[in-house]
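# Understanding the architecture of this molecule
Now for the letters of each chain:
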Amino acid sequence: MRGVSGGYRERASRLAGAVLWTRTAPPTARPVLPDGCMDLIWSEGGRLLVAGPDTGPHVPHFPRGVIPGLLPHGHEVPHGPESPQGLDGTGGAAFVGLRFAPGQGPAVFGVPAHELRNRRVPLAELWPAGRARELAGRLAAARETGDGSAVGGLGGAGGIGRVLEEAAGARLQDAGATTTGGRTAAVAAALARGRPVAEVARAVALSERRLHRLSLDAFGYGPKTLTRVLRFVRALDLARSGMPRAQVAACAGYADQAHLAREVKALAGAPMGVLLAPG
């Protein structure tokens, strides 16, 4: 989500297609909403968590002091007298995340996206132990030295963000993702434009069955579900810009305003008015 309140900031990542974000704020009651993406998230205390692709609203449930899977689309964080000092020095809990473009995450994490669907998993459960420890050490050093403060407008989180970008970039290079990601990106782009599944399959020289398997591995769900999620993301962005609902429905590719309302409720668990409310 762009331009939200509560200490959230983002910028385009140096990693093509990804977004680097940070949040330093007290808790909110908003759930995480599906966006077709996967995130690598660092939190105060050095925790590294992977947030898989969601198919509906994700409301974290956790004991005090345990950091849930967080995304910038609205989330809860532990806060209070025992909360750690934030990167901005305000005392708020701090989170830095690298949000990958749809289809990009599996090459970074080393598992098919459908294995992480609707899940939050420690990075150490996915990466070789030595590599996970090395990244944790680099992040700790960046946190302690304040390396890269104010990089990209993210304040003291800039150094941590750069380490996340470098680690993810190395994984993508190791996986040869630069040679295999073109088809995945083409599928995501076509589905985001509302192209029929059969048309998309022909365009990338796959049968519909093989396209479905590719979609499960790359995005975490089949092409029809990805279409719904990406259309929802576009509708939410348009609605946040102040566009009237009827126009949002038409521009985002819904049959009518009632169709928009049903899909928003199904994917977000709440009507559009609630999603747009401040706070």
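Residues numbered from 1 in each chain as written. Predicted model: local features only at pLDDT ≥ 70, side-chain atom pairs only at ≥ 80, totals over all residues. Heavy atoms only, no water.

As a further point, take the sheet that holds strand 4 (residues 47-51). Strand order in the open sheet formed by six strands is 1-2-5-3-4-6, and the pairing between neighbours is antiparallel. Two strands close off the open sheet at either side, each with one partner strand: strand 1 (8-12) and strand 6 (120-122). Recorded for the sheet is a direction-independent mean angle of 20° between the axes of neighbouring strands. Here six bridges tie strand 2 (residues 19-24) to strand 5 (residues 94-100), and the two strands are oriented antiparallel to one another. (Pairing = 2+ DSSP bridges. Helix = DSSP H or I, 4+ residues; strand = E, 2+ residues; numbered from the N terminus. Axes fitted to C-alpha atoms, helices over the stretch in contact; angles between N-to-C directions.)

On the surface, a cluster of positive charge is contributed by R183, R209, R210 and R213. By residue number, the principal contributor to the positive patch is helix 6 (residues 208-219), which donates three residues. Structurally, R213 is set in helix 6. (Patch = residues over 30% accessible without salt bridge, like charges linked within 9 Å, V, L, I, M, F, W, Y side chains within 5 Å. Areas by Shrake-Rupley, 256 points an atom, 1.4 Å probe, with all protein chains shown as cover. Salt bridge = Lys/Arg side-chain N within 4 Å of Asp/Glu carboxyl O. Lys, Arg positive; Asp, Glu negative; His and termini not counted. Charge placed at Lys NZ, Arg CZ, Asp CG, Glu CD.)

Further remarks concern the confidence of the model for the protein. Looking at the protein, pLDDT values average 83 and 78% of them are 70 or higher. Low pLDDT, under 50, characterises residues 1-5; the stretch is placed with twelve contacts to residues that sit more than four places away or in other chains. Across residues 62-93, confidence stays below pLDDT 50; counting only partners more than four residues off in sequence or on other chains, it has 101 contacts. (pLDDT = per-residue confidence, 0-100. Contact = heavy atoms within 4.5 Å.)

With twelve residues, helix 9 (residues 257-268) extends 16 Å between its outermost C-alpha atoms, agreeing within 8% with the 16 Å of an ideal straight helix rising 1.5 Å per residue. Restricting attention to buried positions, one finds in helix 9 the residues H259, L260, E263, V264, L267 and A268. Projection of helix 9 onto a plane perpendicular to its axis shows the buried side chains occupying an angular sector of 130°, all on one side. Summarising the contacts, the buried residues of helix 9 are in contact with helix 7 (223-240), helix 8 (245-252) and helix 10 (272-276). At the N-terminal end of helix 9, a side-chain oxygen is found 3.2 Å from the backbone nitrogen of A258, two or three residues along, and the residue is D256. Note on helix 9: the residue one or two positions beyond its end, G269, has a positive phi of about 75°. (Expected span 1.5 Å × (residues − 1). Buried < 20%, exposed > 50% of the residue type's maximum accessible area, 1.4 Å probe, protein only. Arc of directions from axis to C-beta. Polar contact = N/O pair within 3.5 Å; in protein donor to acceptor, adjacent residues only side chain to side chain.)

The next subject is the packing of aromatic side chains. The full count for this structure, using the stated rule, is two aromatic pairs. Pairing F100 with F109 gives two aromatic rings, centres 5.6 Å apart and planes at 85°, and the pair type is edge-to-face. Since its relative accessible area comes to 0%, F100 is described here as buried. Note that R131 overlies the ring of W127, its terminal NZ or CZ placed 5.9 Å from the centroid. (Phe/Tyr/Trp six-rings, centres within 6.5 Å; stacked < 30°, edge-to-face > 60°. Lys NZ or Arg CZ within 6 Å of the ring centre and 35° of its normal.)

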